Amino acid sequence: MWSVVLMGLAGLLIGGAVSFHHQKLPKFLVISFGVLAAMALVAAYLLTLP
């Protein structure tokens, strides 16, 4: 259950990073959203392990 929620959060964060990139906002903001999305995906993966 929580892994699905975290994957959805990662999708929203990636969408935000792409949107910020198109708006030409600072790179650190785009990169930070990408890092947070990657962390959410790793956490979702770790929750699926037995």
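Just above sits the structure.
Everything in this summary refers to the structure shown in the same document. (Residues numbered from 1 in each chain as written. Predicted model: local features only at pLDDT ≥ 70, side-chain atom pairs only at ≥ 80, totals over all residues. Heavy atoms only, no water.)

Things to note about the packing of aromatic side chains
Link 1 in the chain: Scanning the model with the defined rule gives one aromatic pair in all.
Link 2 in the chain: Aromatic side chains phenylalanine 20 and phenylalanine 33 sit 5.0 Å apart centroid to centroid with 75° between the ring planes, which places their arrangement in the edge-to-face category. Highlighted residues: phenylalanine 20 in helix 1 (residues 2-22) and phenylalanine 33 in helix 2 (residues 27-48), separated in sequence by 13 residues.
Link 3 in the chain: Here phenylalanine 33 falls in the partly exposed class, since its relative accessible area comes to 23%. (Phe/Tyr/Trp six-rings, centres within 6.5 Å; stacked < 30°, edge-to-face > 60°. Helix = DSSP H or I, 4+ residues; strand = E, 2+ residues; numbered from the N terminus. Buried < 20%, exposed > 50% of the residue type's maximum accessible area, 1.4 Å probe, protein only.)

A short note on unusual backbone geometry
Link 1 in the chain: One non-glycine residue, lysine 24, lies in the positive phi region at around 60°.
Link 2 in the chain: With respect to the element layout, lysine 24 can be found in the loop between helix 1 and helix 2.
Link 3 in the chain: Accessibility expressed as a relative area gives 72% for lysine 24, which makes it exposed.

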